[in-house]
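One-letter residues, chain by chain:
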Amino acid sequence: MRSHVLDDFMTTYEHTLEGVYEHKMDPKCRVSVPSDWRVTAGSGTLRLMRSNAYKLPTLRVLTEQEFATILEEIQNRSDWTPAQRRMMSGKLYSDCQKTKLNPQGKLLVPKALCSHPDIEPEGQVTLVGRGAYFEIISPDNYEEMRVREDAQIAELNAEMDIF
């Protein structure tokens, strides 16, 4: 008989966005999303948002779950006034653009959003899984991001010895 804890674990981690993939954008700024991500990423609305990771420009692709989590975190900030919470949630809504995967599993990136993470039509991109969201970044910036991420993670990893 399976334990309740194991069931919760499987439910939580069975459909996550994991790994790093290199793909080429097509001339219309579409990129193929890995097939194992489509269960999570393609099951509903996605939101594209300009962002930064380790001080490098990325395009963050939020699932419905991640978008809701961010909104909940904003609303639960008891140290912020209601006006501050409205301002932050309003900024989140204004900076996101709704999208969906097409039937072939391709994600359309509007040309206006391509310049932020230094990607271009027919160019290479790197997709970085982050659990409930993923990032689109140029391959050169991804290499620099890995260096910066590894430097920050090293201290934490010394305590946990995972990597």
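The structure this text deals with has already been given above.
Residues numbered from 1 in each chain as written. Predicted model: local features only at pLDDT ≥ 70, side-chain atom pairs only at ≥ 80, totals over all residues. Heavy atoms only, no water.

*Asks:* Looking at this model, I keep getting lost on the pairing of strand β7 (residues 124–129). Mind explaining?
*Replies:* As a general feature of sheets, a regular strand has side chains that alternate between the two faces. A large share of β7 lies buried, amounting to five of its six residues. Of the strand pairs in this sheet, strand β1 (residues 20–24) and β7 are connected by five bridges, and their pairing is antiparallel. Residue pairing in the sheet places V20 in a bridge with V128 of β7. With four bridges connecting them, β7 and strand β8 (residues 133–137) associate as antiparallel partners. Pairing of L127 across the sheet is with I136, part of β8. A loop of three residues connects β7 with β8, the two strands running antiparallel in sequence, and G131 in this loop sits at a positive phi of about 95°. (Buried < 20%, exposed > 50% of the residue type's maximum accessible area, 1.4 Å probe, protein only. Helix = DSSP H or I, 4+ residues; strand = E, 2+ residues; numbered from the N terminus. Pairing = 2+ DSSP bridges.)

*Asks:* What exactly am I supposed to notice about unusual backbone geometry here?
*Replies:* Negative phi is the rule for most residues except glycine; trans is the rule for most peptide bonds. For K55, which is not glycine, the phi torsion reads 65° and is therefore positive. By the secondary structure assignment, K55 is in the loop between β3 (46–53) and β4 (56–62). Phi angles above zero are rare outside glycine, and D161 is one such case at about 55°. For D161, the location among the structural elements is in the segment after α6 (139–160). Here D161 falls in the exposed class, since its relative accessible area comes to 65%.

*Asks:* How do you make sense of the packing of aromatic side chains when you look at a structure like this?
*Replies:* Aromatic ring pairs are defined here through the distance separating the ring centres and the angle between the ring planes. The final tally for this structure, using the stated rule, is three aromatic pairs. With a centroid separation of 5.3 Å and 90° between ring planes, the pair formed by Y21 and W37 is classed as edge-to-face. Linking Y21 in strand β1 with W37 in the loop between β2 (30–32) and α2 (38–41), this pair joins segments that are 16 residues apart in sequence. Taking the relative accessible area as the measure of exposure, Y21 reaches 27% and is therefore partly exposed. Under the relative-accessibility criterion, W37 is labelled buried at 0%. Both rings, one in F67 and one in Y93, keep their centres 5.3 Å apart while their planes meet at 70°; by these two values the pair is edge-to-face. (Phe/Tyr/Trp six-rings, centres within 6.5 Å; stacked < 30°, edge-to-face > 60°.)

*Asks:* Explanation requested: the side chain of D26 in the structure shown.
*Replies:* Among the structural elements, D26 can be located in the loop between β1 and β2. A polar contact of 2.6 Å, which involves the side chain of D26, links it to the side chain of R30. What D26 contacts, discounting residues up to four positions off in sequence, is K106, P121 and E122. (Polar contact = N/O pair within 3.5 Å; in protein donor to acceptor, adjacent residues only side chain to side chain. Contact = heavy atoms within 4.5 Å.)

*Asks:* Help me understand helix α3 (residues 64–75) in this model?
*Replies:* Along an α-helix, residues three or four apart share an orientation, since each turn contains 3.6 residues. Its twelve residues place the ends of α3 16 Å apart at the C-alpha level, agreeing with the 16 Å of an ideal helix rising 1.5 Å per residue. For α3, every residue scored as buried is listed here: E66, F67, I70, L71 and I74. Down the axis of α3, the buried side of the element spans an arc of 135°, and every buried residue falls inside it. (Expected span 1.5 Å × (residues − 1). Arc of directions from axis to C-beta.)

*Asks:* What am I meant to see in a nonpolar patch on the surface here?
*Replies:* Where nonpolar side chains cluster on the molecular surface, the patch consists of M160, I162 and F163 and spans about 410 Å² of accessible area. Note that F163 resides in the segment after α6. Residue classification places F163 among the exposed residues on the basis of a relative accessible area of 75%. (Patch = residues over 30% accessible without salt bridge, like charges linked within 9 Å, V, L, I, M, F, W, Y side chains within 5 Å. Areas by Shrake-Rupley, 256 points an atom, 1.4 Å probe, with all protein chains shown as cover. Salt bridge = Lys/Arg side-chain N within 4 Å of Asp/Glu carboxyl O.)

*Asks:* Help me out: how do you make sense of helix α4 (residues 82–95) in this one?
*Replies:* For α4, with 14 residues, the first-to-last C-alpha span of 20 Å sits near the 20 Å given by 1.5 Å per residue. Every buried residue belonging to α4 is among R85, S89 and L92, and all of these are buried. Relative to the axis of α4, the buried residues are bounded by an arc of 50° and lie together on one face. In α4, the exposed positions that point more than 90 degrees away from the buried face belong to R86, M87 and S94.

Keep in mind these values describe shape, not function.
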